[in-house]
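Spelled out from the first residue to the last, the chains are:
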Amino acid sequence: MFHRTLLFIGVNLLANASFALPKEQLTAGGIAIIPLPSYISENAQVKFGSNLVPVITREDALFAVVGIPLSHKEPELSITITDNQLSDHLTIQLSNKDYPEQRITLQETQSNKVTPSEDELARYSREAIEQKTVYQLFSSSQTKSWPNFAWPIKGRISSPFGLKRFFNDQPRDPHSGLDVAAPEGKAIAAPANGIVAQTGDYFFNGKTVMIDHGQGIISMLCHLSKVDVAKGQTIKQGDIIGLVGQTGRATGPHLHYGVSINNARIDPLLVLPTP
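### Some words on the overall build of the protein
At step 1: The helix and strand tally for the protein stands at one helix and 21 strands.
At step 2: A total of 275 residues make up the protein; the buried ones form 50% of that total.
At step 3: Long-range pairs, those at least 24 residues apart, make up 69% of the contacts in the protein between residues at least 6 apart in sequence.

Right, here's the structure in full:
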């Protein structure tokens, strides 16, 4: 197999492009949009680590849309392209982004959400595996087009993506989505076409819907008071998938909306239209 390594310097080449793609942000928690060489076919496989990456066709060109994990600490990101007997590596340079802190005080009645019992931790571990399985899905898309995303609900962003969170002064994982404050019972719409990959009532996330948009692009909507869709159901953008609630670890009614690309949680603002 022929192999070579190429260097690509990410410089927001698509900032003024006329066609729809997500916004590029070359940081942890961001998205890299990498033009693929002209000799690469639509059947090529692109990987970041062990995860397949979406390949999008626009104006007769191919682009790899790479989700960059919040945990990524390296100054570079490399992808592997495999196309028949050809293998290429593309490397891009990344920038640092310092996310702010958020400190949340939970009431005594919610203290188990800060220091869960052994049984609750075991439940969380089982649920985390279930959700990770969904994040690792990669269903091929015939059109190789980027999903058209819309806001699932209108409201004030009460907690942005990437916050370094402290619950009752105890450090926790950074915020992997964004929170939209809304009244209990308000309808939540599907942000894009897809298939319901999973629903559940989870210890931390509460009542949850996970949607597979194809090519490893997953939406996660959490803390619902009611789920109105079922696993395996095909849905269109705008279909009602449930109602706003405060189930799981929540201090008030809101929607937690997360987006994952190639098993990396990224800032949903990068795929949503500017509010």
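### A closer look at the pairing of strand β3 (residues 45-48)
At step 1: Alternating positions in β3 separate cleanly, Val46 and Phe48 being buried on one face and Gln45 and Lys47 remaining unburied on the opposite face.
At step 2: As paired strands, β3 and strand β7 (residues 76-83) are joined by three bridges and run antiparallel to one another. Note on β7: the bridge partner recorded for Val46 is Ile81.
At step 3: With two bridges joining them, β3 and strand β4 (residues 51-52) adopt antiparallel strand pairing. Counterpart to Phe48 in the pairing with β4 is Asn51.

### Looking at the nonpolar core
At step 1: The biggest cluster of nonpolar side chains holds 34 residues, and the ones touching the most others in it are Ile31, Trp146, Phe149, Ile188, Leu221, Ile241 and Val271.
At step 2: Every element with two or more residues in this core is listed here: β2 (31-35), β6 (61-67), β13 (178-181), β16 (206-212), β17 (217-227), β19 (240-244) and β20 (254-261).
At step 3: Here Ile31 is in contact with Pro22, Lys23, Glu24, Gln25, Leu26, Val65, Val66, Ile68, Ile261, Ile266, Leu270 and Val271, once residues within four sequence places are set aside.
At step 4: Listed in part, the 21 residues of the second largest apolar core include Leu62, Val66, Leu90 and Ile92.

### With respect to helix α1 (residues 118-135)
At step 1: With 18 residues, α1 extends 25 Å from end C-alpha to end C-alpha; this agrees with the ideal 26 Å at 1.5 Å per step.
At step 2: Residues Glu120, Glu127, Gln131, Val134 and Tyr135 constitute the buried set of α1. For α1, the angular spread of the buried residues around the axis is 90°, confining them to a single face. Away from its buried face, by an angle of more than 90 degrees, α1 presents the exposed residues Glu118, Asp119, Arg126 and Ile129.
At step 3: Tucked into the core, α1 has its buried residues touching β15 (194-202), β16, β17, β20 and β21 (264-266).

### Some details on the pairing of β15
At step 1: Across two bridges, β15 lies against strand β18 (residues 234-235) in antiparallel orientation. Opposite Ile195, over in β18, you have Thr234 as the bridge partner.
At step 2: Across seven bridges, β15 lies against β16 in antiparallel orientation. The partner of Asp201 across the bridge, within β16, is Lys207.
At step 3: Counting the residues between successive antiparallel strands, the hairpin from β15 to β16 contains three residues.

Calculation criteria
- Residues numbered from 1 in each chain as written.
- Predicted model: local features only at pLDDT ≥ 70, side-chain atom pairs only at ≥ 80, totals over all residues.
- Heavy atoms only, no water.
- Helix = DSSP H or I, 4+ residues; strand = E, 2+ residues; numbered from the N terminus.
- Buried < 20%, exposed > 50% of the residue type's maximum accessible area, 1.4 Å probe, protein only.
- Contact = heavy atoms within 4.5 Å.
- Pairing = 2+ DSSP bridges.
- Core = buried A, V, L, I, M, F, W, Y, C linked by side-chain atoms within 4.5 Å.
- Expected span 1.5 Å × (residues − 1).
- Arc of directions from axis to C-beta.

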